[in-house]
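Examination of the molecular architecture
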Amino acid sequence: MTPVERSAGIRVENLWKVFAPKGVAVDVNDPDRLAWAERAGAVVAVRDVSFEVKPGELFVVMGLSGSGKSTLIRCLLRLVEPTAGTIVCNGHEVTALGPRELTEFRRHHVAMVFQHYGLLPHRTVLENAAFGLKLRGVPREERYARAREALARVGLAGWEDRYPSALSGGMQQRVGIARALANDPAIMLWDEPFSGLDPLIRREMQDELVRLQRELRKTIVFVTHDLDEAIRLGDRLAVMKDGRFVQVGTPLDIVQNPANDYVRRFVQARAPALVNGYGVQGALAGPWPLKAAAGG
Amino acid sequence: MFPRELQHHVGPFIDRAVDWLLVNYGGVFDAVSGALLRLLLQIEALLRALPWWLVIGAVGVAAWLLLRRWTSALVLMALLFMIGVFGLWPLATETMAIIITSVVLALVVGIPAGILMAESDRVRAALTPVLDAMQTLPSFVYLIPAMMLFGLGKVPAVLATLIYSVPPVIRLTDLGIRQVSASVQEAAAAYGANRWQMLKEVRLPLALPSILAGVNQTTMMALAMVVIASMIGARGIGQEVLLSINRIEVGRGFEAGLSVVALAIVVDRLTQGFARRFEPPR
């Protein structure tokens, strides 16, 4: 793995995901019919979302549970099938891929890290880290070598022959991260990867991600419900509510100029020190390494 | 009394239908019957060729390897020895041959059926009532269709046993696969697992403990059925039980009954121990 590698970005245009009960037809271009479908029980999880993630950028989507953020990140590799819209990842129009192309796309261009790890309990740490490569059909020697390298990168050298059940939550998530890194994808998707971890471990893992990102420069979409985490990690972040992006900007933007009351209340509740009294100076000196301050 | 005028018998009709089947498709039934009988006889010949001490020794070793307890291994060996002491060893061999044949067939049919059920809701909707019926019917009733089509003897016994014992392995394969954690399957899908890889790498291995529990259940049900199958002329320990019931020979029935229990315990312990080997490490 080269220390600094450029990877292509992500472009999402007018993405919709509507979960409709059987027999309820949905047309997102017709507001009347959409309203009718919603009354009939359809749930709009993602509502006309457009955004772009630049190559090498860490883009955080922050929202409370039910805001549609998990659905959104799953749409990016069609674990959830979008209702409408266009997604282009790493130069591939994901929304236009056939089933086989989609499988190939998932194998080669993206890797995902999950909140619940998604490790195979009957496989060792090494086999788990090599799993993505196995699905690609990489020969055993090579995939184990790459998995070992990835495990070493996340600090799990020496744990290769253990089973996931013998590891703590934080270490299991490291295996999940190693599995993603072993694939060496251009794009990484992180779905609340640290939400299940203790606060101290969570902080440690966040630092780890910052360090990895400095070395690898992947294009990352990171989903979280935690504003602190979003501000610590994100080059840019989007605040999501009821399936829409309420505000998109740098962490500093969002803290300084909340677009509306919702974001303001959010910032106030999570970071009173930023808003009351200390101002931006306080924020810069504060507990978060605000990236915007570093000239980003 | 139920009025005589309302009585109507379908029996003659069924008789004619079976006759028709046998006349027109007799060749098919003969072929199935012949193939089954050959398989059965080979298994039986193999079991018969094994000296008794080798069988008991092998069970002891297997018990030690699977259960890791000397007491269990010794008890299982003693139970088999007891069957020999009662003079029922040859009959027990014949019983085991029928059980092994039926269980092998049940697994060959049942595991793929369970996988299909888990993969497709439509197959599941179609098979569930059939399985319910198979398990609700009293076991005696299975003897009738088997006997109708294949006459008396070991082949209908194998088929009746197969029908009676196959539902657990189908159900538990289906259940096991459906219970595989959604988050693990989602992760595999996200990394580009196709349907076959999903089945082979994720769903089957994670469902394996449940599938093996189904194998255990199927084996136990086969053992229960094979005793009843003696009523349509399958030789074995069951026949001994049937004879002693007909002749009201309590002591003889006791020996035979105890031997059946002994076989059941040995088979159950061994298959359970085997199943436990495949539980995920913790």
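All values derive from a computational prediction rather than experimental measurement. (Residues numbered from 1 in each chain as written. Chains lettered and ligands numbered in written order. Predicted model: local features only at pLDDT ≥ 70, side-chain atom pairs only at ≥ 80, totals over all residues.)

Concerning the overall build of chain B
- The helix and strand inventory of chain B stands at 11 helices and zero strands.
- In chain B, the order of α-helices and β-strands from amino to carboxyl end is α-α-α-α-α-α-α-α-α-α-α.
- Looking at chain B as a whole, 38% of its 282 residues qualify as buried.
- Of the contacts formed within chain B by residues at least 6 apart in sequence, a portion of 75% connects residues at least 24 apart. (Helix = DSSP H or I, 4+ residues; strand = E, 2+ residues; numbered from the N terminus. Buried ≥ 20, exposed ≤ 12 C-beta atoms within 10 Å, placed from the backbone. Contact = placed C-beta atoms within 7 Å.)

Observations regarding helix H11 (residues 250-277) of chain B
Residues and elements named next belong to chain B.
- End to end, H11 covers 41 Å across 28 residues, agreeing with the expected 40 Å (1.5 Å per residue, within 8%).
- Taken together, the buried positions of H11 are Ala-256, Ser-259, Val-260, Ala-262, Leu-263, Val-266, Val-267, Arg-269, Leu-270, Thr-271 and Gly-273.
- Residues of H11 that are buried make contact with helix H2 (52-67), helix H3 (70-85), helix H4 (89-119), helix H9 (195-228) and helix H10 (237-246). (Expected span 1.5 Å × (residues − 1).)

A look at the nonpolar core
- Of all hydrophobic cores here, the largest spans 146 residues; its most connected members are Leu-76, Ala-129, Ala-178, Leu-189 and Val-221 of chain A together with Ala-160 and Val-226 of chain B.
- Looking at this core element by element, the count peaks at 14 residues for H9 of chain B. (Core = buried A, V, L, I, M, F, W, Y, C linked by C-beta atoms within 7 Å.)

Section: the interface of chain B and chain A
- At the interface, 17 residues of chain B touch 19 residues of chain A.
- Put simply, the parts of the chain that give the side of chain B that touches chain A at least two residues each are helix H8 (182-190) and H9 of chain B.
- Examining the composition of the side of chain B that touches chain A, we find that six residues originate from one element, H8 of chain B, more than from any other.
- The class makeup of the residues in the side of chain B that touches chain A is 11 nonpolar, four polar and two charged. (Nonpolar A, V, L, I, M, F, W, Y, C, P; charged D, E, K, R; others polar.)

Concerning the sheet that holds strand E6 (residues 110-113) of chain A
All names here are of chain A.
- Read across the sheet, six strands follow the order E6-E7-E8-E3-E9-E10 without closing on themselves; strand pairing throughout is mixed. Looking at the sheet topology across the chains shown, the edges are occupied by E6 and strand E10 (244-249). Strand-to-strand twist in this sheet, taken as the mean axis angle between neighbours without regard to direction, amounts to 15°.
- Pairing analysis gives five bridges linking strand E3 (residues 58-63) to strand E8 (residues 219-224), with the strands arranged parallel. Pairing of Phe-59 across the sheet is with Val-221, part of E8. (Pairing = 2+ DSSP bridges. Axes fitted to C-alpha atoms, helices over the stretch in contact; angles between N-to-C directions.)

What about the sheet that holds strand E2 (residues 43-53) of chain A?
Residues and elements named next belong to chain A.
- Read from one edge to the other, the open sheet built from four strands follows the order E2-E1-E4-E5, with strand pairing classed as antiparallel. Because the sheet does not close on itself, it has two edges, and the strands there are E2 and strand E5 (92-93).
- Pairing analysis gives seven bridges linking strand E1 (residues 10-19) to E2, with the strands arranged antiparallel. Note that in E2 the partner of Lys-17 across the bridge is Val-46.

A few points about the environment of Asp-27 of chain A
Residues and elements named next belong to chain A.
- The residue Asp-27 is located in the loop between E1 and helix H1 (31-39) in this model.
- Judged by local crowding, Asp-27 falls into the partly exposed class, with 14 C-beta atoms found within 10 Å.
- Each C-alpha atom, one on Asp-27 and one on Cys-75, is 18 Å from the other, the two residues being 48 residues apart in sequence.
- Ignoring anything within four residues of it in the chain, the contact list for Asp-27 reads Arg-33 and Leu-34.

A closer look at the pairing of E8 of chain A
Residue and element names in this part refer to chain A.
- Burial of E8 is extensive: six of the six residues sit out of reach of the surface.
- Side chains Thr-219, Val-221 and Val-223 of E8 all project onto a buried face; the interleaved residues Ile-220, Phe-222 and Thr-224 project onto the opposite face, where all are buried too.
- Sheet topology places strand E7 (residues 187-191) next to E8; five bridges connect them, and they run parallel. By the bridge assignment, Met-188 is partnered in E8 with Ile-220.
- Remark: the E7/helix H8 (residues 199-216)/E8 crossover connection has right-handed handedness. (Right-handed = clockwise from strand over helix to strand, strands pointing away.)

Some remarks on unusual backbone geometry
All names here are of chain A.
- One non-glycine residue, Glu-192, lies in the positive phi region at around 40°.
- One can find Glu-192 in the loop between E7 and H8.
- Non-glycine residue Arg-217 carries a positive phi angle of around 55°.
- Residue position: Arg-217 is located in the loop between H8 and E8.
- C-beta crowding within 10 Å serves as the criterion here: with 18 such atoms nearby, Arg-217 is assigned to the partly exposed category.

Regarding the confidence of the model for chain A
Residue and element names in this part refer to chain A.
- For chain A, per-residue confidence averages 85 on the pLDDT scale, and residues scoring 70 or more make up 89% of the total.
- Below pLDDT 50 for its whole length, residues 1-7 participates in 16 contacts with residues either more than four positions away or in separate chains.
- Segment residues 275-296: pLDDT under 50, and 30 contacts once partners within four positions in sequence are set aside and those in other chains are kept. (pLDDT = per-residue confidence, 0-100.)

Looking at the pairing of strand E9 (residues 236-241) of chain A
Residue and element names in this part refer to chain A.
- Most of E9 sits out of view: five of its six residues are buried.
- Judged from the five bridges that link them, E3 and E9 form a sheet pairing that is parallel. Each residue of the ladder has a partner; that of Gly-63, found in E9, is Met-240.
- Hairpin geometry of E9 and E10 is characterised by an intervening segment of two residues between the two adjacent antiparallel strands and by a positive phi of about 50° at Asp-242.

Topic: helix H7 (residues 154-178) of chain B
All names here are of chain B.
- The end-to-end C-alpha distance of H7, which contains 25 residues, comes to 36 Å, matching closely the 36 Å that a straight helix rising 1.5 Å per residue would cover.
- Residue Ser-165 marks the point of greatest curvature in H7, where the axis turns by about 35°; the proline Pro-167 follows within four residues.
- Burial analysis of H7 places 23 of its 25 residues in the buried class, which makes it a mostly covered element. (Bend = angle between axes of the 7 residues up to and from the residue.)

Looking at the packing of H4 of chain B against helix H5 (residues 121-136) of chain B
All names here are of chain B.
- Running from N to C, H4 and H5 cross one another at 125°; their axes reach a closest spacing of 5 Å. When the interaxial angle is binned, H4 and H5 end up oblique. Packed against H4, whose contacting residues are Ala-113, Leu-116 and Met-117, the element H5 presents Val-123, Arg-124 and Leu-127 at the interface.
- Of the residues assigned to the contact of H4 with H5, the class counts are five nonpolar, no polar and one charged. (Parallel < 35°, antiparallel > 145°, perpendicular 65-115°, else oblique.)

Here we look at the packing of H3 of chain B against H11 of chain B
Residues and elements named next belong to chain B.
- Here H3 crosses H11 at 145°, and the two axes come no closer than 9 Å. Two packed elements cross with a definite hand, and for H3 against H11 that hand is left-handed. Each of Ser-72, Leu-76, Leu-79, Leu-80, Met-82 and Ile-83 in H3 lies in contact with H11, whose residues at this interface are Ser-259, Ala-262, Ile-265, Val-266 and Arg-269.
- Of the residues that constitute the contact of H3 with H11, the class distribution is eight nonpolar, two polar and one charged. (Left-handed = near helix turned anticlockwise from the far one by under 90°.)

Regarding the environment of His-225 of chain A
All names here are of chain A.
- When you line up the elements, His-225 lands in the loop between E8 and helix H9 (227-233).
- Assessed through the 17 C-beta atoms surrounding it within 10 Å, His-225 is described here as partly exposed.
- As for His-225 and Glu-127, which are separated by 98 residues in sequence, their C-alpha atoms are 31 Å apart.
- With sequence-adjacent residues up to four places away left out, His-225 is seen in contact with Met-62, Gly-63, Leu-64, Ser-65, Glu-192 and Ser-195.

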